[in-house]
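Inside the fold
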Amino acid sequence: MPNRLAQSPSLYLRKHADNPIDWYPWGDEALEKARVENKPIFLSIGYSSCHWCTVMEHEAFSDTVIADYMNERFVAIKVDREERPDLDSIYMQAVQIMGENGGWPLNLFLAPDDLVPFYGGTYFPIEPRYGRPGFLRVLQSIREIYYDRNQDIQDYKEQIVRNLHQVNKLTPVPIISDEALANGINKCAEVVTNRDYGTCFPMIPYANFVLRASRFDANAFVKPKAEQRGLDLALGGIFDHVAGGWHRYTVDHTWTVPHFEKMLYDNGLIMEYLANIWMSGLQEPAIARSCEQTANWLQREMLAQEGCFYASQDADSEGREGKFWVWSYAELKKIFSPSELDLLTQEFTISANGNFEESNVLQRKNRGELSSAVESCLTKLFRRRYGEYSRPTDAFPVARSQADIREIDWEGRVPPVTDTKAITAWNALMISGLATAYRAFQKPIYKELAVNAAQFILDHQWIEGHLQRINYEGQAAISAQSEDYALLIKALLDLHQAIPEKADFYLQQAIAIQAEFDRDFWDALSGGYFNTTSETSQYLLLRERNYQDNATPSANGIAIANLVRIASLTEKLEYLDRAELALKRFGHVIANSPVACPSLLVAFDWFRNHTLVRTSAERYHQFSCRYLPTASLKIDANLPNPNAIAMICQGLACLEPATDQEMCDRQLLRSMTRVT
């Protein structure tokens with residue numbers, strides 16, 4: 001019989017609806033039950049496309065012996081981290097303080113009176129393996145410890161809370177040295193080029209900062225590092241060369257075999273990064289192709305009728321990881337003639353033994369444009385996957401659940417499940433990616449997709465002066481958090497730059513949402529933005545101000561850069577004052593832990609080197625198609641010199657109007673490199 005998660009709008013929670021465990025969603029009912037009955041809370045956090053979350057759901061959470069033991073002795077709570085990143089962030093830090101590696105599923109045991117964790121980890125197998133104890137034994141040990149060593153638990157909890165507050169303690173500095181920028185460049189470049197680990201993540205916040213830093217003469221050596229990251233993403237197996245879209249990461253250091261789930265946030269960040277790489281001078285055909293293919297993937301598999309984008313696609317299909325995307329050699333021999341297979345093998349990693357479980361993940365061997373014959377071969381693979389008469393932008397049926405998988409008559413391969421919730425922050429990342437791609441490539445579809453998604457959020461997620469984080473099938477839900485506000489404002493500013501004919505509209509929308517963000521999230525005492533409002537911080541162990549980057553950029557890094565950009569466009573100094581106060585609050589982190597906060601370094605770069613380019617409508621495009629990392633563009637019909645190409649303003653002080661391109665470029669470079 002389904003448990004109470006069956007009625008949840010969250011796909012991740014519904015995946016656990018048939019577990020024998022008596023799951024509760026996070027909320028008053030579960031927390032009160034735990035307090036009244038003095039039972040420890042088992043808190044499990046994950047997300048729908050998480051492979052190991054799926055494994056644990058099939059194993060330990062479906063086992064009746066484990067369920068009977070847990071139901072009698074614990075209160076079990078399931079949380080979708082994509083709904084509640086605030087909870088996930090705090091409890092992930094707690095697990096890391098305990099000395100465990102972070103990851104999902106994130107499983108913790110909390111005391112019912114104060115919700116402080118006293119034990120935690122990630123994946124627990126049903127039987128002992130991978131050096132991990134079996135889950136039933138874990139439950140039995142926790143039960144014994146909770147009742148027999150209560151004082152030890154109290155002491156340990158105090159240590160956890162103390163360390164949590166210490167980690168989140170931010171001591172302001174009176175001034176941030178300009179040397180912090182140079183130090184940060186070197187440290188982040190090391191992250192981008194480090195291949196000592198088994199896995200390769202896109203790490204776009206780091207690569208983005210390194211690319212920006214390449215404009216400084218003293219750090220010209222970092223440009224190849226930034227470009228290589230772009231090539232790895234465009235050529236590697238992390239990209240779906242048949243049908244578009246980037247997978248989450250590769251499990252090897254050669255960018256060959258991905259962990260196959262596709263996340264909207266990765267695709268938005270990578271799209272923006274590659275478009276910037278292109279505008280910076282690396283006009284590699286594989287980069288343009290990967291962006292175009294990804295726009296096709298969005299239209300085909302990730303686009304709601306209303307214009308917003310879905311959240312993610314699972315890694316598994318028909319119970320097997322990667323089955324939807326990989327190709328056995330036997331299958332390839334059936335599809336292609338010997339000459340065609342030989343042609344394809346010259347361009348992609350294909351072998352009889354394969355590179356992933358006796359199948360082949362396609363990875364490009366060469367740069368450059370693919371021949372029409374190779375593209376024809378890829379089209380055959382596309383139709384084998386999606387159906388004989390399918391086209392790249394035809395809407396593919398969306399499988400919202402395993403029930404859909406069983407009920408739909410698939411013409412091609414059986415696809416993975418798609419999580420169709422729309423997340424404001426992730427949609428904003430894709431809007432920024434598409435807006436930047438439109439500047440780089442001038443393809444109308446990029447503009448169309450970005451404009452429609454932004455309008456959806458403004459119309460359906462911004463309700464009576466309050467932004468909402470999630471949209472479930474047309475229904476807005478869950479109050480937005482700081483990353484939703486910061487990334488949406490950035491997206492609107494990016495649209496302002498990409499679509500000058502609607503610049504006023506997007507700037508005014510950004511200013512209005514910024515006012516709401518300042519009202520509800522700004523720390524008036526210390527500076528910076530809290531993750532949540534005071535009203536939505538109930539039951540949180542602390543009210544965080546996110547500054548660390550991970551797969552996505554930190555809310556405060558993006559927010560501070562937004563303030564500088566708005567100040568430059570409006571010439572209102574209160575935005576710049578707020579940015580400076582926030583930077584000083586995070587100044588110690590910027591100076592001493594740059595690897596933790598590349599987006600704060602980007603914000604500091606904006607603050608020290610922000611530049612405004614005033615130009616005519618006729619000349620606007622010649623600037624907007626260039627990579628100008630700390631410049632904002634503004635149409636000015638009343639330049640003081642009628643022969644001027646542009647007027648470059650360093651901060652709020654404008655230079656002599658530039659009357660030729662050489663003079664203009666010289667002023668631009670000088671303005672954007674005032675601090676090195």
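Along each chain, residues carry numbers from 1 onward, in the same order as the chain's sequence is written. The predicted origin of the model limits local features to residues at a pLDDT of at least 70 and limits the giving and counting of side-chain atom pairs to 80 or more, whereas totals for whole chains, interfaces and linings rest on all residues. Processing note: side-chain calculations cover all non-hydrogen atoms of the structure and skip hydrogens and water entirely.

1. Let's talk about the pattern of salt bridges
Any carboxyl oxygen of Asp or Glu that lies within 4 Å of a side-chain nitrogen of Lys or Arg is treated as forming a salt bridge with it. One pass over the full model with this rule turns up 45 salt bridges. When the shortest N-O distance is used, the salt bridge between Asp-22 and Arg-4 registers 2.5 Å. One end of the pair, Asp-22, is in the loop between helix 1 (11-14) and strand 1 (24-25); the other, Arg-4, is in the segment before helix 1, and 18 residues separate them in sequence. Here Arg-149 and Asp-152 are joined by a salt bridge, their closest N and O atoms 3.2 Å apart. Only protein chains enter the calculation, and the probe is 1.4 Å; a residue is then buried if its accessible area is under 20% of its type maximum, exposed if over 50%, and partly exposed in between. Residue classification places Arg-149 among the partly exposed residues on the basis of a relative accessible area of 46%. With a relative accessible area of 41%, Asp-152 lands in the partly exposed category. Through salt bridges with shared partners, one network takes in Asp-80, Glu-82, Asp-419 and Lys-421. The way it works is that DSSP assigns letters per residue, a run of H or I at least four long becomes a helix, a run of E at least two long becomes a strand, and they are numbered from the N terminus.

2. Some points on unusual backbone geometry
Most peptide bonds take the trans form, and the phi angle of most residues other than glycine is negative. The omega angle of the peptide bond from Trp-104 to Pro-105 is 5°, so this bond is cis rather than trans. One can find Pro-105 in the loop between helix 5 (85-97) and strand 4 (106-110). Of note, the phi angle at Glu-464 is positive, near 50°, even though the residue is not glycine. Backbone geometry at Glu-571 places phi at a positive 60°, although glycine is not the residue there.

3. Section: the pairing of strand 4
Most of strand 4 is tucked away, with 5 of its 5 residues classed as buried. For two strands to count as paired, DSSP must find a minimum of two bridges between them. Across 5 bridges, strand 2 (residues 41-46) lies against strand 4 in antiparallel orientation. Looking at the pairing, Ile-41 lines up with Leu-110 of strand 4. Two strands pair when backbone bridges link them, and strand 4 and strand 5 (residues 117-121) are joined in this way by 4 bridges, in the antiparallel orientation.

4. Thoughts on the pairing of strand 3 (residues 75-80)
Consecutive side chains along a regular strand alternate between the two faces of the sheet. Counting buried residues in strand 3 gives 6 out of 6 residues, a clear majority hidden from the surface. Side chains Val-75, Ile-77 and Val-79 of strand 3 all project onto a buried face; the interleaved residues Ala-76, Lys-78 and Asp-80 project onto the opposite face, where all are buried too. The sheet contact formed by strand 1 and strand 3 spans 2 bridges and is parallel. Across the sheet, Tyr-24 pairs through a bridge with Ile-77, a residue of strand 3. Bridge count between strand 2 and strand 3: 6 bridges; the pairing is parallel.

5. Side note on the nonpolar core
As a rule of thumb, nonpolar side chains are buried together in soluble globular proteins. Here, the term nonpolar core denotes a set of buried Ala, Val, Leu, Ile, Met, Phe, Trp, Tyr and Cys residues that are joined through side-chain atoms within 4.5 Å. Core analysis: the largest hydrophobic core is formed by 162 residues, its most contacted members being Phe-135, Tyr-273, Leu-434, Phe-441 and Ile-590. If one sorts the elements of this core by residue count, helix 17 (residues 424-441) sits on top with 12 residues. Not counting the four nearest positions on each side in its chain, Leu-434 is found in contact with Met-271, Leu-298, Phe-309, Tyr-446, Leu-449 and Ala-450. Of all hydrophobic cores here, the second largest spans 33 residues; its members include Phe-260, Phe-336, Val-361 and Phe-382. Here a residue-residue contact requires only that any non-hydrogen atoms of the pair lie within 4.5 Å.

6. Examining helix 26 (residues 661-672)
Helices are assigned an expected span. That span is 1.5 Å times one less than the residue count. An ideal rise of 1.5 Å per residue puts 16 Å on 12 residues; helix 26 measures up with 16 Å between its terminal C-alpha atoms. Turning to helix 26, its buried residues number three or more, namely Met-663, Cys-664, Gln-667, Leu-668, Ser-671 and Met-672. All buried residues of helix 26 lie within an arc of 150° about the axis, which places them on one face of the element. Looking at the buried side of helix 26, the elements it contacts are helix 24 (598-609), strand 19 (611-615), helix 25 (620-624), strand 20 (631-635) and strand 21 (646-650). Side-chain atoms alone can form a polar contact between residues adjacent in sequence; in general such a contact is a pair of N or O atoms within 3.5 Å, and within protein one must be able to donate a hydrogen while the other accepts it. For helix 26, the N-terminal cap is Asp-660; the gap from its side-chain oxygen to the backbone nitrogen of Glu-662 is 3.1 Å. This arc is built from the directions going out from the helix axis to the C-beta atoms.

7. Here we look at the environment of Cys-654
Relative to the elements of secondary structure, Cys-654 occurs in strand 22 (residues 653-654). Judged by relative accessible area, which is 39%, Cys-654 ranks as partly exposed. When the C-alpha positions of Cys-654 and Val-613 are compared, they lie 9.3 Å apart, and in sequence the two are 41 residues distant. Not counting chain neighbours up to four residues away, the residues in contact with Cys-654 comprise Arg-614, Met-647, Ile-648 and Cys-649.

8. Some words on helix 19 (residues 482-498)
For helix 19, with 17 residues, the first-to-last C-alpha span of 24 Å sits near the 24 Å given by 1.5 Å per residue. Within helix 19, 17 of the 17 residues are buried, leaving the element largely enclosed by the surrounding structure.

9. As for the sheet that holds strand 14 (residues 418-419)
Strand order in the open sheet formed by 3 strands is 8-9-14, and the pairing between neighbours is antiparallel. Where the open sheet ends on each side, the last strands, each with one partner, are strand 8 (262-263) and strand 14. In the sheet, strand 9 (residues 312-313) pairs with strand 14 via 2 bridges, with the strands oriented antiparallel. By the bridge assignment, Gln-313 is partnered in strand 14 with Thr-418.

10. So, the state of the cysteines
As used here, a disulfide is simply a covalent bond connecting the sulfur atoms of two cysteines. To count as a disulfide, a pair of cysteine sulfur atoms needs to be within 2.5 Å. For the structure shown, the criterion picks out 2 disulfides. Between the sulfur of Cys-649 and that of Cys-654 lies a disulfide, 2.0 Å long from S to S. Handedness here is read from the sign of the S-S torsion; for Cys-649 and Cys-654, about 85°, the answer is right-handed. Cys-649 gets classed as buried once you look at its relative accessible area, which sits at 1%. If you count the bonded cysteines of the chain from the N-terminus, they pair up as 1-2, 3-4. In this structure Cys-188 is not part of a disulfide, and its nearest cysteine sulfur, from Cys-597, lies 7.6 Å away. According to the relative accessible area criterion, Cys-188 is buried, its value standing at 0%.

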